Amino acid sequence: MQVRFQMSGGFGGLFATAPLSYEASTDDLPRQEADLLRRLVEESGLLVAGQRPSARPRGMARDVFQYQVQVITGGRTYWYDFDDTTVPARARPLLDHLTAAAVHQRTGGSTEMT
Amino acid sequence: MIRQPAHVSHTRHRARCDFIPPFIIDNLARDDREEIRAAVLATAHQAMASRTRRSELEVTIDQVAASAGLAEISAAPGPTGEANREVYDCHQKWEKRVELVRREGADPTGDADADSAYDLVGVTRDFLKKELGRNSIDNQGLDLNLNVHYGVKYMNAAWDGEEMVFGDGDGKLFIGFARSLDVIAHELGHGVTQYTANLNYEGQSGALNEHFSDVLGTVVTQAHNGETAATADWLIGDEIMGPDLQGEALRSMRAPGTAYDDPLMRTDPQPAHMDLYYRGDADNRGVHINSGIPNRAFYLVATELGDTLAAGRLWYQGLQRLTPTADFVTAAEVLVNTARAMTKAGQLPKGAAQIVRSAFSEVGILKLEVAPGVRRYR
């Protein structure tokens with residue numbers, strides 16, 4: 001399973017010109033981390049056959065974060081485009097994990113992963 | 001239960017400005033009689049109260065407002081609410097309104113975020129009333145709901161179209177979103193914009209949307225802190241930077257592009273001039289990026305006037321004359337015209353319109369007109 005993640009936005013319009021991103025393949029991760037990632041993806045409810053990715057909403061939300069998640073598994077690609085007002089509740093633990101991993105990677109591991 | 005603004009359902013005015021040819025409206029707007037001009041503007045503004053109609057009226061309203069020469073626009077009167085605050089503790093859930101912890105007038109809870117949010121929203125609400133004559137964000141006393149401890153280490157504060165949410169941050173990168181007045185006033189500013197110009201949140205209109213929120217943020221903060229244009233730091237988001245971030249703030253209105261340089265956030269991307277206008281797709285085509293350009297213009301006007309509050313009042317009047325698709329040039333011209341009208345009404349000093357034009361010229365949005373043969377010196 002491959003996961004690609006990108007986020008930007010928020011009050012500070014952060015990461016617009018240098019999106020905060022994280023990419024991982026369960027083949028390359030240590031066993032425990034691979035299992036964790038796989039479990040979070042499965043529990044997120046995102047891998048539903050035939051589910052269409054969310055369109056970028058044109059609502060009235062301001063200063064929210066935007067997230068893009070791509071999961072490649074079982075020969076299929078699942079692609080999602082959320083903001084803070086449209087993330088499905090079940091997918092939050094996955095997003096929190098990916099956000100922490102992305103921050104950890106960019107800061108060279110100087111911030112602890114949660 | 002979410003209270004809908006009371007005016008939306010019943011003030012669809014039957015005077016259909018969009019059926020009257022623009023040139024007639026324009027002529028009426030220039031009528032010598034002030035009551036005629038005011039009536040035209042009020043009618044156009046009533047129709048603006050319905051968001052779906054605004055795009056149809058954009059040229060008309062801009063003509064009317066700019067040519068009416070009216071110093072002040074007041075929103076259509078209607079039934080009023082009391083702008084009551086309700087603070088909800090979301091207990092680190094990704095849900096709003098989990099537990100109501102403080103109603104308007106109730107005693108402090110002892111939770112720093114809940115009590116700060118309550119106080120600072122009150123400061124902003126009271127500023128809107130006292131200094132701008134505005135009754136809450138919709139000018140009709142809309143209640144203000146605040147959600148603190150929203151989400152898990154949510155490094156953000158946001159306006160979701162109806163109410164505010166505040167995360168806890170992670171204590172290292174970002175902290176105290178609910179305890180920062182400029183953040184709170186910025187978010188409430190999005191509400192004010194939603195009920196006035198309703199600037200589309202992308203491209204230049206979106207950058208203006210962000211800009212007006214930063215303006216309200218800094219104007220309210222400076223007034224509350226007793227600062228002046230000369231003594232203020234002109235920073236946005238300086239109070240939410242955690243110990244692990246390298247930078248003064250998230251934005252500087254005085255010097256866009258200098259607020260931070262950090263391994264996580266990289267470098268502040270804001271331009272201070274149209275020459276460095278961001279043309280990419282990120283951030284809804286740069287709404288938080290290109291806002292730096294009009295932010296710098298506001299800083300110049302406030303500094304040149306020596307009066308941030310006066311500049312804030314001018315900007316508030318200008319906001320009410322804008323429409324959802326306004327771009328930088330339109331906003332600048334509306335602000336120049338509004339400054340002229342406010343000067344005539346004795347609300348701004350002589351020369352204010354020239355100060356505004358000069359500021360927008362300095363950031364590359366407008367050109368200054370120079371008489372032939374006159375050499376300009378810097």
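Keep in mind that this is a model prediction, so the values were computed, not measured. (Residues numbered from 1 in each chain as written. Chains lettered and ligands numbered in written order. Predicted model: local features only at pLDDT ≥ 70, side-chain atom pairs only at ≥ 80, totals over all residues.)

## Here we look at the overall build of chain A
- Scanning chain A from terminus to terminus reveals two helices and four strands.
- Put simply, chain A has 114 residues, and 33% of those count as buried.
- Put simply, 61% of the contacts in chain A that link residues at least 6 apart link residues at least 24 apart. (Helix = DSSP H or I, 4+ residues; strand = E, 2+ residues; numbered from the N terminus. Buried ≥ 20, exposed ≤ 12 C-beta atoms within 10 Å, placed from the backbone. Contact = placed C-beta atoms within 7 Å.)

## Let's talk about the overall build of chain B
- A tally of helices and strands in chain B yields 11 helices and nine strands.
- Sorting the 378 residues of chain B into buried and exposed places 53% on the buried side.
- Excluding contacts between residues fewer than 6 apart, the proportion of contacts in chain B whose partners are at least 24 apart in sequence is 61%.

## Focus on helix α5 (residues 181-194) of chain B
- Under the 1.5 Å per step criterion, the end-to-end length of α5 of chain B is 20 Å for 14 residues, consistent within 8% with the ideal 20 Å.
- Taking burial as the measure, the 14 residues of α5 of chain B include 14 buried ones, the bulk of the element. (Expected span 1.5 Å × (residues − 1).)

## Some remarks on the interface of chain B and chain A
- Facing 29 residues of chain B, the contacting portion of chain A comprises 28 residues.
- Elements represented by at least two residues in the side of chain B that touches chain A include exactly β4 (157-159), α5 and α7 (282-286) of chain B.
- For the side of chain B that touches chain A, the residue count by class is 16 nonpolar, six polar and seven charged. (Nonpolar A, V, L, I, M, F, W, Y, C, P; charged D, E, K, R; others polar.)

## Comments concerning the nonpolar core
Residues and elements named next belong to chain B.
- With 125 residues, the main nonpolar core has Ala-117, Phe-166, Val-301 and Val-356 as its most contacted residues.
- The leading source of residues in this core is helix α10 (residues 328-344), at nine residues.
- Ignoring sequence-local partners within four residues, the contact set of Phe-166 consists of Asp-113, Ala-117, Leu-146, Asn-147, Val-148, Tyr-150, Ala-157, Phe-177 and Ala-178. (Core = buried A, V, L, I, M, F, W, Y, C linked by C-beta atoms within 7 Å.)

## A short note on unusual backbone geometry
- Its identity as a non-glycine residue notwithstanding, Phe-15 of chain A has a phi of 60°, on the positive side.
- Residue placement: Phe-15 of chain A occurs in the loop between β1 (2-9) and β2 (20-25).

## Things to note about the sheet that holds β2 of chain A
All names here are of chain A.
- Read from one edge to the other, the open sheet built from four strands follows the order β2-β1-β3-β4, with strand pairing classed as antiparallel. One side of each edge strand has no neighbouring strand; the edge strands of this open sheet are β2 and β4 (76-83). Taking the axes of each pair of neighbouring strands and ignoring which way they run, one obtains an average angle of 10° across the sheet.
- In this sheet, β2 lies alongside β1 in antiparallel orientation, the contact comprising six bridges. Pairing of Gln-6 across the sheet is with Ser-21, part of β2.
- Docked against the sheet, helix α2 (residues 92-106) engages β1, β2 and β3 (65-73), running at close to 105° with respect to β2. (Pairing = 2+ DSSP bridges. Axes fitted to C-alpha atoms, helices over the stretch in contact; angles between N-to-C directions.)

## Quick notes on the packing of α5 of chain B against helix α6 (residues 203-225) of chain B
All names here are of chain B.
- Remark: α5 packs on α6, axes separated minimally by 7 Å, with the N-to-C direction vectors making an angle of 135°. The pairing of α5 with α6 is recorded here as oblique in orientation. Where α5 crosses over α6, the two elements pack in a sense that is right-handed. Of α6, the residues touching α5 (which contributes Leu-181, Asp-182, Ala-185, His-186, Leu-188, Gly-189, His-190, Val-192 and Thr-193) are Asn-209, Phe-212, Ser-213, Asp-214, Leu-216, Gly-217, Thr-218, Val-220, Thr-221 and His-224.
- Looking at the contact of α5 with α6, its residues break down into seven nonpolar, 10 polar and two charged. (Parallel < 35°, antiparallel > 145°, perpendicular 65-115°, else oblique. Left-handed = near helix turned anticlockwise from the far one by under 90°.)

## Remarks on the environment of Phe-328 of chain B
Residues and elements named next belong to chain B.
- Tracing the sequence through the fold places Phe-328 in helix α10.
- Assessed through the 24 C-beta atoms surrounding it within 10 Å, Phe-328 is described here as buried.
- Each C-alpha atom, one on Phe-328 and one on Trp-159, is 23 Å from the other, the two residues being 169 residues apart in sequence.
- If sequence neighbours within four positions are ignored, Phe-328 has contacts with Gln-204, Ile-293, Pro-294 and Ile-365.

## Comments concerning the packing of helix α1 (residues 31-43) of chain A against α2 of chain A
Residues and elements named next belong to chain A.
- Where α1 meets α2, the closest approach of the two axes is 8 Å, and the angle between their N-to-C directions is 140°. Between α1 and α2, the contacting residues are Leu-40, Val-41 and Glu-43 on the first element and Pro-93, Leu-94 and His-97 on the second.
- Counted by class, the contact of α1 with α2 contains four nonpolar, one polar and one charged residues.

## Some points on the pairing of strand β3 (residues 144-148) of chain B
Residues and elements named next belong to chain B.
- When you tally the buried positions in β3, you get five out of five residues, the bulk of the element.
- Burial along β3 is two-sided: Leu-144, Leu-146 and Val-148 and Asn-145 and Asn-147, pointing in opposite directions, are all buried.
- The pairing of β3 with strand β5 (residues 164-166) spans two bridges and is parallel. Bridging from a neighbouring strand, Leu-146 pairs with Met-164 of β5.

## Quick notes on the confidence of the model for chain B
All names here are of chain B.
- Across chain B, pLDDT averages 86, with 77% of residues at or above 70.
- This model gives residues 49-63 a pLDDT under 50, and the stretch forms 35 contacts once residues within four places in sequence are excluded.
- Under the prediction, the complex receives an ipTM of 0.89, its pTM being 0.83. (pLDDT = per-residue confidence, 0-100.)

## A word on the sheet that holds β3 of chain B
All names here are of chain B.
- If you walk across this open sheet you meet the five strands as β2-β1-β3-β5-β4, and the pairing is mixed. Every other strand in the sheet has two partners, leaving β2 (99-103) and β4 as the edge strands with one partner each. Within this sheet the neighbouring strands show an average axis-to-axis angle of 20°, counted without direction.
- Along the sheet, α5 contacts β4 and β5; its crossing angle with β4, the most-contacted strand, is approximately 15°.

## Some words on α2 of chain A
Residues and elements named next belong to chain A.
- Under the 1.5 Å per step criterion, the end-to-end length of α2 is 21 Å for 15 residues, consistent within 8% with the ideal 21 Å.
- The inward-facing, buried residues of α2 abut β1, β2, α1 and β3.
- Among the residues trailing α2, Gly-108 stands out with phi positive, at a value near 70°.

## Thoughts on the environment of Ala-197 of chain B
- Mapping Ala-197 of chain B onto the fold places it in the loop between α5 and α6.
- Sequence spacing of Ala-197 of chain B and Trp-234 of chain B is 37 residues, and the spatial spacing of their C-alpha atoms is 24 Å.

## Considering the environment of Ala-230 of chain B
All names here are of chain B.
- Among the structural elements, Ala-230 can be located in the loop between α6 and β6 (235-236).
- Its 9 C-beta neighbours within 10 Å are what place Ala-230 among the exposed residues.
- Separated by 30 residues in the primary sequence, Ala-230 and Tyr-260 have C-alpha atoms spaced 22 Å apart.

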